[in-house]
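# A structural walkthrough
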Amino acid sequence: MLRVLQHYFPVRTFLLVTVEALLLYAVMTAGMTQHLWDLLTDPASSGPRDRAVAQALTRESLLPKDAAYRAAFSAGLVTLTYLLSIGINRLYEFQISASRYERASRFVESAGIGIALSTALVIVSHLLGADVVYTFPGLALSQKIQVLIATSAAGFGLLYLERFAYHAFVRRADLDVRMLILGSKGPAHALANQVLAHPEAGFRVVGLVPEPESPSRRRRADQLESPITASEDRASEASRSLVFHGVDILSHEQSLSDAASARAPGEETLPELLKKLRIEMIVVALEDRRLTLPIEDLLRARLAGVEVREREEVYEQVTGRIAVAAMRPSYLIFNEGFRRHPFAALLKRINDVVVAAVMLLLLWWVMAIVAIVVRLTSPGPILFTQERVGQDGRPFVLMKFRSMRADAEKLSGPVWASEDDPRITRFGGFMRKTRLDELPQLFNVLSGSMSLVGPRPERQHFVDQLAARIPYFRLRHIVKPGVTGWAQTNYPYGNTEEDALHKLQYDLFYIKNYSVLFDLSILISTIKTVVLRRGT
């Protein structure tokens, strides 16, 4: 897998995006410069169409070569628009793209949205007299629209055929990395289940090597467990079927020096098993590795070219979140990440202030309309204010447009909102889906109590409750809470402690891998979430 903007991207997805970008750009450039071809090869060309194009270029004071460069640049912008439209419709998610029905319907939707948006941008560019972006010199406005629509339709048709070829190739070719998991207890099953649930990650679990029962049958002292995190380690029928029964490679009853001699006749060694199963990666997911880790066999395997990795690292790569349930404190202390650099904090603050100020300037009229509608549709104040826990545990007052009845917690006290909470007003439900209720938090960003991107701020009541049951929960407070975040864009609305665990895993992944570019990618993902109305 490749790592881009702190995201792990399967190589197959990266190649798919690259191939489609090149194909679409080639089609759009060819179609949108086709009227210039004759003039580029023969400036003296005297056909009726060529004379009309030449006259138009003369009025714009452009040579055919310069016009072709501008048209090619604009074709690139149109291509980017179409790729974003395809991405927003989740056609780069393997499970959705693999379904013929979903692929067909979403391609039609992507083409409609992309072509409509590009056409609108071309019209605006023409009316404003822009001479660089979304412009195709030598064509009248009606001609630009006609050629754009025809070329775009051809481009999307070619991409649709390419997707058929891509999925046919993926089904026939064995491109997945063959993975052997050392371990057969909770951590191993949790990893196996996640790999099975994310085929787009490009891994295939060949099997789980059973580990012996620890003499004490207790979880290691440096692994914390709670009733909530224990649910993460439950084995499924699919993961149980992957356990190699009768294979006794790991044993705490023998030392490394006498492991070979103690092995029963005919019993396979780890190197023999790797060769037989064509294993490309070993993942160490042992519950207690102090007594069972086959160090010599792992060294021999690595020298033979087999990749050896820790369970936590692979879990992050597959899911985009940190495995809190089986995480060791040493992983947090010694692993790369979780840095707090003063320069990065300053850059993040500058970005927060600039973007929040620009958004307020652009969206003040939207906020005014929302405020009026909130006032007219339900009695009570326009703004909802509440104390939340901020960076380093410091409290601050959060502001939102009120989406619930004014007396929402008068009888119940502090409770999580449910997905179809009867306390939510009709307009409040719309605001939550579109994130409009969170616009006043831009003032929290300007004041410095929040950031644009970060963990969702919680109330002290829930923080105390969750911190007592979920390991490392208070670590999310080492950064400022955010208007949006990695958890908000990757996990649907939740109102249970298990949901809080899942969101914590995403929050810790964000904190560990923070960068300005990562923030940018989350802001783009937030736009997609708002467009699809999957607010949390």
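Each residue is numbered by its place in its chain's sequence as written, counting from 1. Where totals are concerned, whole chains, interfaces and linings use all residues; where local detail is concerned, this predicted model gives features only for residues with pLDDT of at least 70, and gives and counts side-chain atom pairs only at 80 or more. Working from all heavy atoms in the structure, the side-chain values ignore hydrogens and water.

## Notes on the side chain of Asp352
Strands here mean DSSP runs of E at least two residues long; helices mean DSSP runs of H or I at least four residues long; both are numbered from the N terminus. By the element assignment, Asp352 lies in helix α17 (residues 342–377). One polar contact links Asp352 to Ser451, side chain to side chain, over a distance of 2.7 Å. When checking whether two residues touch, look at their non-hydrogen atoms; a contact exists if any pair is within 4.5 Å. With residues up to four places along the chain from it excluded, the contact list for Asp352 reads Val445, Met450, Ser451 and Leu452. Distance and chemistry together define a polar contact, namely a pair of N or O atoms within 3.5 Å, with one atom able to donate a hydrogen and the other to accept it when in protein, and with adjacent residues in sequence counting only for side-chain atoms on both sides.

## Comments concerning the packing of aromatic side chains
The aromatic pairing rule takes the rings of Phe, Tyr and Trp, using the six-membered ring of Trp, and pairs them if the centres are within 6.5 Å, calling planes under 30 degrees apart stacked, those over 60 edge-to-face and the rest tilted. Taken as a whole and assessed by the stated rule, the structure comprises 10 aromatic pairs. Between Trp486 and Phe518, the ring centres sit 5.2 Å apart and the planes meet at 65°, which makes this aromatic pair edge-to-face. Note that Trp486 is positioned in helix α21 (residues 486–490) and Phe518 in helix α23 (residues 516–531), a separation of 32 residues in sequence. On the basis of relative accessible area, Trp486 is assigned to the buried category, the value being 8%. Here the term buried applies to any residue with accessible area under 20% of the maximum for its type, exposed to any over 50%, and partly exposed to those in between, with areas from a 1.4 Å probe on protein chains only.

## Notes on unusual backbone geometry
For Tyr134, which is not glycine, the phi torsion reads 50° and is therefore positive. Within the fold, Tyr134 resides in the loop between α6 (100–128) and α7 (141–172). The backbone of Tyr472 shows a phi angle near 65°, a positive value even though the residue is not glycine. Structurally, Tyr472 is set in the loop between α20 (460–467) and β10 (482–484). Residue Tyr472 is classed as buried on the basis of its relative accessible area of 15%.

## Observations concerning helix α15 (residues 311–319)
Judged by how many residues are buried, α15 sits mostly within the fold: eight of nine residues are covered. All of the buried residues in α15 are Arg311, Glu312, Val314, Tyr315, Glu316, Gln317, Val318 and Thr319. Immediately beyond the C-terminal end of α15, within one or two residues, lies Gly320, with a positive phi of roughly 75°.

## Some words on the packing of α6 against α7
A fitted line through C-alpha atoms represents every axis, and for helices the fit uses only the stretch in contact; the resulting angles, taken between N-to-C directions, go from 0 to 180 degrees. Viewed as axis vectors pointing N to C, α6 and α7 meet at an angle of 155°, and their least axial separation amounts to 10 Å. Relative to α7, the element α6 is oriented roughly antiparallel. Helix-helix and strand crossings are classified by hand; for α6 and α7 the assignment is right-handed. Side-chain classes follow a simple rule in which Ala, Val, Leu, Ile, Met, Phe, Trp, Tyr, Cys and Pro form the nonpolar group, Asp, Glu, Lys and Arg form the charged group, and the remainder, Gly included, forms the polar group. When its residues are assigned to classes, the contact of α6 with α7 shows 15 nonpolar, six polar and five charged. The labels follow the angle: roughly parallel below 35 degrees, roughly antiparallel above 145, roughly perpendicular from 65 to 115, and oblique for the rest. By convention the crossing between two helices is left-handed if the near helix lies anticlockwise of the far one by an angle smaller than a right angle, and right-handed if it lies clockwise.

## Brief notes about the environment of Lys65
Structurally, Lys65 is set in helix α4 (residues 64–88). By relative accessible area, Lys65 is classed as exposed at 52%. Along the chain, Lys65 and Leu36 lie 29 residues apart, while their C-alpha atoms are 8.5 Å from each other.

## Things to note about the pairing of strand β4 (residues 203–209)
Most of β4 is tucked away: six of the seven residues are buried. Where strand β3 (residues 177–182) and β4 come together, six bridges link them in parallel fashion. Counted as the bridge partner of Leu180 is Gly207 from β4. Handedness of a crossover is defined as follows: orient the strands so they point away from the viewer, and if the path from the first strand over the helix to the second runs clockwise, the crossover is right-handed. Since β3 and β4 lie parallel, the crossover through helix α8 (residues 186–197) that links them has a hand, and here it is right-handed. When DSSP finds two or more bridges between two strands, those strands count as paired.

## A closer look at a nonpolar patch on the surface
In this analysis, a patch consists of residues with relative accessible area above 30% that form no salt bridge, clustered at 9 Å for like charges and at 5 Å for the nonpolar side chains Val, Leu, Ile, Met, Phe, Trp and Tyr. Using the Shrake-Rupley algorithm and a 1.4 Å probe, accessible areas are obtained, with residue cover drawn only from the displayed protein chains. Salt bridges are defined by distance alone: a side-chain nitrogen of Lys or Arg within 4 Å of a carboxyl oxygen of Asp or Glu. Taken together, Leu346, Ile350, Val354, Val358 and Leu362 make up a surface patch of nonpolar side chains, about 450 Å² in accessible area. The residue Val354 is located in helix α17 in this model.

## Concerning the sheet that holds strand β5 (residues 281–284)
Strand order across the open sheet formed by four strands is β4-β3-β5-β6, with parallel pairing between neighbours. Strands at the two margins of the open sheet, each flanked by one partner only, are β4 and β6 (307–310). For this sheet, the mean angle separating the axes of adjacent strands, direction not counted, is 25°. Against the sheet, α8 contacts β3, β4 and β5, and its axis sits at roughly 155° relative to β4. Of the strands in this sheet, β3, β4 and β5 touch helix α12 (residues 270–277), which is tilted by about 150° from β3.

## Overview of α4
Under the convention used throughout, the expected extent of a helix is 1.5 Å for every residue step, that is, one less than its residue count. The end-to-end C-alpha separation of α4 is 36 Å, in line with the 36 Å expected for 25 residues at 1.5 Å each. One or two residues past the end of α4 sits Arg90, with phi positive at roughly 65°.

## Considering the environment of Ala54
Mapping Ala54 onto the fold places it in helix α3 (residues 48–59). Residue class for Ala54 comes out partly exposed when judged on its relative accessible area of 30%. Here the alpha-carbon distance between Ala54 and Leu39, two residues 15 residues apart in the chain, equals 7.8 Å.

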